[in-house]
Each structure stands twice: as C-alpha cells, then as structure tokens.
Amino acid sequence: MGVLARDPEATAATLTRWLAEVAGVERPSVTGVSIPGSTGWSNETVLFDAAWGNGSGAGRRVRPLVARIAPSGHRVFPDETFARQHAVMRALAERTDVPMARVHWYEAAPSWFGQPFWVMDRVAGDIPTDTPPYAREGWLHDATPEQRARAWDAGIDAMAGVHRVDVDALGLPAGTYPAADDTLAWHLDHYEGFLAWAEDGRPFGLARRALDVLRRDRPPEPAEGPCLVWGDARLSNLIYRDFEVAAVLDWEMSCIGDPLLDLGWWLFADWALTTGSGCERLPGFPSTASTAERWSAATGRSADALPYYELFGGLRFTVIMLRMGKLLADMGLVPPGFAYDNLVSQALAELLDRA
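Criteria and cut-off values
Residues numbered from 1 in each chain as written. Predicted model: local features only at pLDDT ≥ 70, side-chain atom pairs only at ≥ 80, totals over all residues. Heavy atoms only, no water. Helix = DSSP H or I, 4+ residues; strand = E, 2+ residues; numbered from the N terminus. Contact = heavy atoms within 4.5 Å. Expected span 1.5 Å × (residues − 1). Buried < 20%, exposed > 50% of the residue type's maximum accessible area, 1.4 Å probe, protein only. Arc of directions from axis to C-beta. Lys, Arg positive; Asp, Glu negative; His and termini not counted. Salt bridge = Lys/Arg side-chain N within 4 Å of Asp/Glu carboxyl O. Phe/Tyr/Trp six-rings, centres within 6.5 Å; stacked < 30°, edge-to-face > 60°. Axes fitted to C-alpha atoms, helices over the stretch in contact; angles between N-to-C directions. Left-handed = near helix turned anticlockwise from the far one by under 90°. Nonpolar A, V, L, I, M, F, W, Y, C, P; charged D, E, K, R; others polar.

*Asks:* Run through the side chain of Asp270, naming residues and quoting values.
*Replies:* Within the secondary structure, Asp270 is located in helix α6 (residues 260-273). Not counting residues up to four positions away in its chain, the partners in contact with Asp270 are Tyr134, Trp152, Leu235, Thr275, Arg281 and Phe285.

What follows is the structure, encoded as structure tokens:
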C-alpha cells in the first residue's frame, strides 16, 4: 500500500538537475523512474536509470540506481536514523566483505525532495516478499526444499558476516551509535521509550508484560563483547541471486549489542510471518537448533540465550507494528484495533505463554 505519490517525470527532472549541479557528473540523463507501491515507511525508495559522460553508446553506460529519501509526514521510529544508515551502509560496502550495494552520494539539503536523500546502486535479484507472504507464493515458495535450505543458510551466513565486522575499522563518524557499557540495558530502555511513544496514551498490556519478563530474565552481556547488529534481520531484507545473498538491505535499526538480537529477530519474524499467518513453514528451512549451530560455528559465539532474544524480537516487532498500525488506522486502511491485535502481537502472546 502506497503512502506517497510523486510524479515520475518531475522526479526524473529533479534527479537530473541534482546529478549535474551537486554530484558534478557530465551530461546526466535519468529515465525509468518508478516508486514501489509499499515505499515510504522507513524511507521512500525511488528506482531509476541514469547515464552520464561525454561519450555515446558504451561511453554513456546506463547505471541502475536507487534514491532513498527520508520519510515525510509520518515517522515509524522515534529517533532519526537516516544519516546513520547511509554512513553504515557505505562503510560496510567499502571496507568489509558483507554483500552490500555500493553507496554513492548523500544529500542533506531538503530543497530537492523535501527531505535528505542518498543515491546507491540497484542490485539485481529476487527478494522474498512479506505481502504476499513468501511462504504462500513467489519464487521461494516455488523453489525446491534444497534451494530453500540454501537461501536460508546463505542468509544466516550473511548475518554472521555482519557480526564478524570490526566496528572500529569502519571509520564511522563519532556518535554514530550511543556508547553503553551495558548494551542490553540500553536496548530495553530504548524499546520502553519507543513503546511509550507508540502507545500515545493508550497502554499496551501485552507489550508491557513482555518488557517486564525481559527485564526479569535478562542474560549477561555476551562474553565476546557486543558487536555490530543489522537490526532488521529478515529474509525479506535480502536480495538473492541463484539462492545466494547478493545484498543485505535495510539498516535503519542497526545498533551495537548482542548479535543474538539479529538471530532472535530472524527466527521470530519467520515464525510470525509464516506459521503465525496461517501458512505452513516452508519445507527445507532448517530448524532453530541447526540454524543456531550454523550461526555459532560462523561467529564463534554462544547461542545459549537465543530463546530470550526471540522473545525480545517479538517485543520489538510488536512495538513497531503498534506504531505502524496507528499510522495505517489514521489513513483509514485498517481498523483502529489492528495496532493492538495483529499476527505479530498474536505471535508474541503465544511466545509469552511459553516463557
């Protein structure tokens, strides 16, 4: 469902002017502008093709690009993460072997599109979709069990690659991530604040109960220390080619902490968006135990606290759905109660009953 509308011709003209006046490329031209229908929640995505240079033919090779524009008119997250996303994605693409799209220019001035934006390469490939769920239809649904296992394992390997990154070697700007001696305490406080902001005066008892359990049962900080966390670690945030990961997407939730934040989120999201939505979990997907074993072997870290972080993933996803549900209800796209009762919150309730 779209939340934004831009005229493709006007967008192409603006991008052409920006490439010439700010990026400094020669004789730019922009064609093929399109905006995916679900864009605009964490940022607006504009797909386009661009060519520049003084030559002709091969000298003006068409480059498939993406402009990511900061959201306007609504906010899913209480804190501003847009500039951080650019810095982290660019550093990962330039300084690590994590599969990433190459990130180019950042434009802080809002005069061009009403908000800051950046431009990056567009990576060709297949993305498992949430709508419709990848467990119900699409290329992953139509694959063989062996191919599905290969895609799942490739995602876990890409995630583990993030967790092996030396954050200090990324050269990120000072203050990119808050400094905290107790990162789990910081994350619990952060999501309590996020929850209060999303509740907007109407308390959400289920989420509050989950937060109480998480504070009560919290494990120690990882013995190996905190590391870079992807944040939104899901199949739907990966681009695949031939069932191997070509690019890791969506870094607005990236942070420093226990990497089990990612693994727990990955497993909770797959469960909520497949079994929780009435679909059979796709045959070929490895079990939780074998997934944890693969991740531990790739990172050298313990997964003993994984059940805790699956529950934390449920809380985090539920808080985000609370905020998004209220935005959707304000637009008349869902009933008001959807924010408090949806497949994600239902999955959290089931997980809480086991805690």
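*Asks:* Describe helix α7 (residues 288-299), with residues and values.
*Replies:* In this model, α7 (twelve residues) spans 16 Å end to end at C-alpha, consistent with the 16 Å of a helix rising 1.5 Å per residue. All buried positions along α7 are accounted for by Thr291, Ala292, Trp295, Ser296 and Thr299. Considered in projection along α7, the buried side chains sweep an arc of 130 degrees and stay on one side of the axis. In α7, the exposed positions angled more than 90 degrees off the buried face are occupied by Ala289, Glu293 and Ala297. Considering only its buried residues, α7 is in contact with α3 (145-163), α6 and α8 (306-330). The positive-phi residue at the C-terminal boundary of α7 is Gly300, with phi of around 75 degrees.

*Asks:* Explain the side chain of Asp262 residue by residue, including any values.
*Replies:* Mapped onto the elements of the fold, Asp262 is located in helix α6. Nearest to the buried, unbridged Asp262 among oppositely charged side chains is Arg316, at 5.5 Å. Leaving out residues up to four positions away in the same chain, Asp262 has contacts with Met159, His163, Val229, Trp230, Gly231 and Ala233.

*Asks:* Break down the packing of aromatic side chains for me, citing the residues and quoting the values.
*Replies:* Two numbers describe a pair of aromatic rings. These are the distance of the centres and the angle of the planes. Counted by the stated rule, this structure contains 22 aromatic pairs. With a centroid separation of 4.6 Å and 35 degrees between ring planes, the pair formed by Phe82 and Trp118 is classed as tilted. One end of the pair, Phe82, is in helix α2 (residues 82-95); the other, Trp118, is in strand β5 (residues 117-121), and 36 residues separate them in sequence. By relative accessible area, which is 4% here, Phe82 ends up buried. Residue Trp118 is classed as buried on the basis of its relative accessible area, which comes to 0%. Summarising the aromatic geometry, the rings of Trp139 and Phe243 are spaced 5.7 Å apart at their centres and angled 55 degrees between planes, so their arrangement reads as tilted.

*Asks:* Residue-level account of the environment of Ala50, with values.
*Replies:* With respect to the element layout, Ala50 can be found in strand β2 (residues 44-51). What Ala50 contacts, discounting residues up to four positions off in sequence, is Leu19, Ser29, Val30, Arg61, Val62, Arg63 and Leu65.

*Asks:* Residue-level account of the packing of α6 against helix α9 (residues 343-354), with values.
*Replies:* Remark: α6 packs on α9, axes separated minimally by 9 Å, with the N-to-C direction vectors making an angle of 115 degrees. The hand of the α6/α9 crossing is right-handed. Between α6 and α9, the contacting residues are Phe268, Trp271, Ala272 and Leu273 on the first element and Leu343, Val344, Ala347, Leu348, Glu350, Leu351 and Arg354 on the second. For the contact of α6 with α9, the residue count by class is nine nonpolar, no polar and two charged.

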